Amino acid sequence: MQVPHAEQPTLMPYYDALNRLVSGKPEIVAPGTKITLNSVAIEAGRSPGSIKKSRTVFEALIREIQIRAREQQERISPGVPQVLQAKDKAAKARARADNYEFKYKEALARELMLLMAWDEATKALRKAGKVVPFTSTPRP
């Protein structure tokens, strides 16, 4: 049976430290410090590497720290996800435009090759003397 974090006295300093960091009133680290596993451990008065991901006792604490760190990041730089989404959308549009440009240039090249082949065929027919000009006569 796993004991809730509130009943584990070893985790209480970590949660208290996390709450102080979230509220912006830390006692040990500088105010505005980025919320990380190490900063929470230092604020709790422990060594920087004391919160180990490999220990199951810290799983809930680590999840909570990650959630609070994401919230802090969004508060510091609001709109970051929207900016990233807009950049991604712009990159896709740019790639699509480049693809259309490539297709357009290919079409122009094919058109040029057809015009050159038509011109060569016309010249060859004229040399052979087998070209009969069409005259446009109005129909009555």
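Structure first, text after, so check above.
Summary of the structure given here. (Residues numbered from 1 in each chain as written. Predicted model: local features only at pLDDT ≥ 70, side-chain atom pairs only at ≥ 80, totals over all residues. Heavy atoms only, no water.)

**Things to note about the nonpolar core**
General note: in soluble globular proteins, nonpolar side chains tend to be found buried as a group. With 17 residues, the main nonpolar core has Y14, V40, I51, F58, L61 and I65 as its most contacted residues. Of all the elements in the fold, those that place two or more residues in this core are α1 (12-23), α2 (37-43) and α3 (59-76). The element that contributes the greatest number of residues to this core is α1, accounting for five residues. If we ignore the near neighbours within four places in the chain, the residues touching Y14 are V40, A41, A44, R46, S50, I51, F58 and L61. (Core = buried A, V, L, I, M, F, W, Y, C linked by side-chain atoms within 4.5 Å. Buried < 20%, exposed > 50% of the residue type's maximum accessible area, 1.4 Å probe, protein only. Helix = DSSP H or I, 4+ residues; strand = E, 2+ residues; numbered from the N terminus. Contact = heavy atoms within 4.5 Å.)

**A word on the environment of I76**
Mapped onto the elements of the fold, I76 is located in helix α3. You can call I76 exposed: its relative accessible area is 58%. Each C-alpha atom of the pair I76 and K34 lies 9.8 Å from the other, and the pair is 42 residues apart in sequence.

**Considerations on helix α4 (residues 80-128)**
End to end, α4 covers 72 Å across 49 residues, agreeing with the expected 72 Å (1.5 Å per residue, within 8%). The first or second residue beyond α4 is G129, which carries a positive phi of 80°. (Expected span 1.5 Å × (residues − 1).)

**Overview of the pattern of salt bridges**
Side chains that differ in sign of charge can pair as their charged atoms come close. Summed over the entire model, instances satisfying the criterion amount to seven salt bridges. The partner of R20 in a salt bridge is E43, with the nearest N and O atoms 2.8 Å apart. With R20 in helix α1 and E43 in helix α2, the pair connects residues that are 23 residues apart, well separated along the chain. E43 carries the same exposure label as R20, and that label is buried. In this structure, K123 engages D119 in a salt bridge whose closest nitrogen and oxygen atoms are separated by 3.5 Å. Here D119 and K123 lie together in helix α4, a separation of four residues that amounts to about one turn. (Salt bridge = Lys/Arg side-chain N within 4 Å of Asp/Glu carboxyl O.)

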